Amino acid sequence: MYRGEAAKVLGEARVGDRIRVLKGGRSYEGILMPRSELGDDRHVVIKLDNGYNIGVEVSNARVERLAPAEEPYSRAFPEPEFSPEKPEITILGTGGTIASKIDYKTGAVHPSFTAAEIINAVPELADVARVKTKLLFNILSENMTPEHWKKIASEVAKELNGDAYGVVVAHGTDTMSFTASALAFMLKNLTKPVIFVGSQRSSDRPSSDAALNLIAAAKVACSELAEVVVVMHAQSSDTTCAIHRATKVRKMHSSRRDAFKSINALPLGEVGEDVRLFGSYRRRSEGEVYADTRLEERVALFKVYPGVSEELLEYCVDRYKGIVLEGTGLGHVPENLLPAIERAREEGVAVVMTTTTLYGRVDMKVYSTGRRLLNLGVIPGEDMLPEVAYVKLMHVLGITQNYEEVRGLMLRSLAGEITERSLADAFY
Amino acid sequence: MEGLRVGFEIHQQLATRKLFCNCESELREEEPELKILRRLRPTQSELGEIDRAALEEYLKGRCYEYEVPGDVSCLVEMDEEPPHNVNIDAVKAALEVALLLNAQPVDEIHFMRKIVIDGSNTSGFQRTAVIAMDGYVKTAKGKVRIPTICLEEEAARKIREEGSKTVYRLDRLGIPLIEISTSPDITSPEEAREVALKIGEILRATGKVKRGIGTIRQDINVSIAGGARVEIKGVQDLNLIPKIIEKEAERQRKLIEIAQELKRRGVEEVHLEFSPVDVSEIFASTESKLVAKVMKRGGVVLAVKLPGFRGLIGGAKEEPRLGSELAQYARIKAGVGGIFHSDELPSYGISASEVEAVADKLSLSEIDAFVLVAEEREKALKALQAVLERAKLALKGVPEETRVAQSDATTRYMRPLPGAARMYPETDLAPFVVDEKLIAELRASLPELYEEKIARFLKQYNLSQELATQVVKSERAQLFEELVASGASPKLVATTLVSTLRELRREGYAVENIKDERFREMFALVAEQKLAKEAIPEVIKALSRTPERSCEEILAELGLKGFSEADVRGLVRRVIKERAEFVRERGEGAVKPLMGVLMKELRGRVEGRVVMKILEEELRGYLKDGFQG
């Protein structure tokens, strides 16, 4: 990872080696550290014996390799012993780290994912359930694609139809709500809980929210709830976690622990010492879970804003089978987009309207633009989140591409994504 | 003192905004509304190891409440947002200090996360970086090396403990802190004071450090030959440093002596067995009020034998004594108020016969000692365990530990020395390149050190040595130069900023609240002769009460509005006229009495010499040919 000047001066020396950098009569001795992606190619980083790192500029410097890197540590943990009375849950890994080890020498953070490693890091988990783990893949959540959703859905169904009493999916937070709502649509006849969980502060730090979220997720996985939900911190304090319905949740803050909020709905429950569920929810029952992983991937999410070019929308009409519009206010678009929308209808491209306000329901009969859109066959997305409508449209178009059928399915709540009543206390 | 080695670790807050966000570095006294509750879970090392004791604490429910004063803390302090880029002003200030301490700045600064899970950092680590290496300060005895200078975040302010919860306030968290660590090169208590003073002066010379209580902390590391490194925290008064060091050296010497004597007596660790004996019945009808009270509450008196310790624990008047160490361990680890030991008994109402009975019950030999604790059983057991633990350490001499300084220059046990901190890179921050251009800029504008500045003030402003020194060391040295440059009299400005302010502060006026701007206004008014220098103290008093009001407003309120020359001339003529007979009688000799009359009216408004000049002119004119018109 050292490049340019620095790599040249380092020669044979590798990260982890003990080196001495000689420069202008001064000498610095320590362990060669990896270079941050944010750094330039003119400095080498060494860890001094006092534990601090410093960067040494390499022009006119000479490097002596004093000793090779020590072998990396590895240690096997004993298989954890679980009480046979506890229910068994499966934790599926998809990316992010719910537990990790830090190599204080190199600063590298290594994820821990075996059941043994996780129980070593979060022993309280054994009081909740017998834990089985399975690493599906390890990717950043921004790199998650519909293909990954299908894989996760199939694996979850397999686990639920096997011995798992519930499944926890560990997922990066950025696109967690997309994956969670995809599973909510795909998993048919869901009879057990499927919990998405992640962390906003990485697990290598003492203040991480990972452990509390994971324990809460495990508790919900053992509860009576038979839905796909997201379980994350309910507030900045490490006190309780909120249970959000997968089709109503959105990441509303880039960094806070309590970034996830239920939009146009109240959370399904709260996890402190125990799981408390409120309102109506689908209950645990018996029966085979089925993953309908058909998806029409040619769906676009199109944001409307002043000055938006009709060319962009024309392009989408050419290329996609479905378009979710994020319209202004009650569900409007500027006039220049109308021809493209009309053409979409003619070419059999389904167009669904949602709102940039996120909160509230679209209503296209109030103003004339809305009425024109309705006449052009735009399907009102009710109080669906734009991202959820996007995932749902993929799912629906995977099932049928007949306009009337698509319209019928889009207007019906398939997985709690549309609420019938607009609750006063769901906006705060 | 033979083999004395002393080093310092000095922490100084910088007077810039916070290190990793744009919040002001100010404390808030009122309790804020927003509070958050957090936990800190011990992390795994590369071996997957977790500090079991820390995990135990965590599982028992140890938690931290953070009070969030929103005007001086934000999501960064709450650990709800990654750190912003490092504050360049703080980096510059720290590098400036480093250069003044003859240190070599590093080429690139890398912040580290130093694991701290006592809750004082919301993240569970303190961000810290080495910014320079290999500095030194010179003293009369030679160089004292400064191997590293660090820039780091100040910790949150501890407000109180409530059972398993500790309450912190986030105002202090993130204030930039410069840490200067010296080598243990100091060999005498006086030299230590000199080093602390010198480093303090250098810090203040930059004008970029905070001043006032709690903004600088100096930890002293002391050891003597055959002793051990002891870190002393909480040193407030630099003048106490030599005494603290002397007392610590003396304590270590005494502990070494005790260890040697114990060895001579053949006492070994195996002899120090924890077998507490309940001796409550001996004290059933004790005269000791303290013990009686404990027993009445249902407490017990437990005793433990310290074989071979007789005479080594130390009587009440002996100083230093092992007895204090045993008591401090019991206090810190078991929370008991105190212990009794056989070297100081009979005393405290405990009778000779009671002492004898305890000795009998424990079957003490002539060289054995005992320790008593009167408390509820659990606590008493814990206390005696702590005593025994400390007694075992006494066999080896001086334990490495952190102690806290008291106002009488003695120290008290606080905790064992912390082990090497676990550190790993702060990956949320980019490395900061310290390029040659930046260093050249800083070098070119390094502040004068105190000595240089005093010498210059003597010459340039013709101040006395004392006044020059005081101005230079005051917080308003820069203001002084500015005011003088704009034409004010150096002597007057110096006296005002140093003596007048000091006197008024002593009288209880909050002069520290007065912003520099007010002094600029004040001396502008003096220059315009709208304010007489005699009136300055009155104006300052008023300013200290209402620092938000301008000098002009204050002047109007106090009725100190200056008299113009014409006003004075008019008054002088009136006074002369009213006393025409007297003036003619006395002639020029009337000046003095007339001055008295005039100054009664003008004191504090017009300077005496101005009045005198006008009076002399007018008198001469009047005597010559009367007033025209």
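Source: prediction; values computed, not measured.

In this approach the atoms are scanned with a rolling probe the size of a water molecule, which exposes any empty space left behind. Under the counting rule described, the total for this entry stands at three cavities of 30 Å³ or more. Roughly 150 Å³ of internal volume is contained in the largest cavity. Along the walls of the largest cavity sit 16 residues, with Ile98, Ala121, Ser203 and Ala211 of chain A together with Arg41 of chain B positioned nearest its centre. Each residue belonging to the lining of the largest cavity can be placed in one class, and the counts come to nine nonpolar, five polar and two charged. Estimated volume of the second largest cavity: approximately 100 Å³. In this structure, the second largest cavity is lined by 13 residues; those nearest its centre are Val76, Glu77, Arg127, Glu153 and Leu173 of chain B. Across the lining of the second largest cavity, the residue classes tally to four nonpolar, four polar and five charged.

The next point concerns the domain arrangement of chain A. Accessible area lost when the parts come together is the quantity often used to give the size of an interface. In terms of domain boundaries, chain A breaks down into domain 1 (4-67), domain 2 (88-291) and domain 3 (299-410). Between the C-alpha centres of domain 1 of chain A and domain 3 of chain A the distance comes to 56 Å.

This brings us to a nonpolar patch on the surface. Where nonpolar side chains cluster on the molecular surface, the patch consists of Leu266, Leu423 and Tyr428 of chain A and spans about 280 Å² of accessible area. Position of Leu266 of chain A relative to the elements: it lies in the loop between β16 (260-262) and β17 (269-271).

All right, on to the nonpolar core then. Core analysis: the biggest nonpolar cluster contains 120 residues, and Ile149, Ile180, Ile220, Leu306 and Phe309 of chain B have the highest contact counts within it. Broken down by element, this core gets its largest block of residues, nine residues, from helix α2 (residues 88-100) of chain B. Among all residues touching Ile180 of chain B, those that are not within four sequence positions of it are Phe8, Glu9, Ile10, Val97, Leu101, Ile146, Thr148, Ile149, Ile199 and Leu203 of chain B. By size, the runner-up hydrophobic cluster in this structure holds 58 residues, among which are Ala259, Val289, Val388 and Ala389 of chain A.

This paragraph deals with the domain arrangement of chain B. When the domains of chain B are assigned, the result is domain 1 (5-263), domain 2 (268-394), domain 3 (479-558) and domain 4 (565-625). Inter-centroid distance (C-alpha atoms) of domain 2 of chain B to domain 4 of chain B is 85 Å.

With that settled, consider the interface of chain B and chain A. Between chain B and chain A, the residue contacts involve 56 residues of the former and 54 residues of the latter. For the pair chain B and chain A, the two sides together bury roughly 4400 Å², of which 53% comes from carbon and sulfur. Applying the counting criterion to the chain B and chain A interface returns 10 salt bridges. Between Asp134 of chain B and Arg26 of chain A there is a salt bridge, with its nearest N and O atoms 3.0 Å apart. Linking chain B with chain A are 25 residue pairs in polar contact (both at pLDDT 80 or more), by the criterion used here. Mapped onto the side of chain B that touches chain A, the elements with two or more residues apiece are β2 (35-38), α1 (52-59), β6 (112-115), β7 (125-139), β8 (142-153) and β20 (423-425) of chain B. No other element matches the six residues that β7 of chain B contributes to the side of chain B that touches chain A. Classifying every residue of the side of chain B that touches chain A by side-chain character gives 27 nonpolar, 11 polar and 18 charged.

So, on to the pattern of salt bridges. Residues and elements named next belong to chain B. This structure, assessed with the given rule, holds 99 salt bridges over all chains. With its nearest N and O atoms 2.6 Å apart, the salt bridge here joins Glu426 to Arg127. Pair noted here: Glu426 is in the loop between β20 and β21 (432-433) and Arg127 is in strand β7, with a separation of 299 residues, a long-range link. Taken individually, Glu426 and Arg127 each receive the classification buried, so the pair is uniform in this respect. In this structure, Glu617 engages Arg569 in a salt bridge whose closest nitrogen and oxygen atoms are separated by 3.0 Å.

Parameters and conventions
- Residues numbered from 1 in each chain as written.
- Chains lettered and ligands numbered in written order.
- Predicted model: local features only at pLDDT ≥ 70, side-chain atom pairs only at ≥ 80, totals over all residues.
- Heavy atoms only, no water.
- 1 Å grid on protein atoms, 1.4 Å probe; cavity = no way out; pocket = protein on both sides within 12 Å on 5 of 7 lines; lining within 4 Å.
- Points joined across faces, edges and corners; volume = space filled by probe spheres on them.
- Nonpolar A, V, L, I, M, F, W, Y, C, P; charged D, E, K, R; others polar.
- Domains from an automatic or database assignment.
- Patch = residues over 30% accessible without salt bridge, like charges linked within 9 Å, V, L, I, M, F, W, Y side chains within 5 Å.
- Areas by Shrake-Rupley, 256 points an atom, 1.4 Å probe, with all protein chains shown as cover.
- Salt bridge = Lys/Arg side-chain N within 4 Å of Asp/Glu carboxyl O.
- Helix = DSSP H or I, 4+ residues; strand = E, 2+ residues; numbered from the N terminus.
- Core = buried A, V, L, I, M, F, W, Y, C linked by side-chain atoms within 4.5 Å.
- Buried < 20%, exposed > 50% of the residue type's maximum accessible area, 1.4 Å probe, protein only.
- Contact = heavy atoms within 4.5 Å.
- Buried area = accessible area lost by both parts, 1.4 Å probe.
- Polar contact = N/O pair within 3.5 Å; in protein donor to acceptor, adjacent residues only side chain to side chain.

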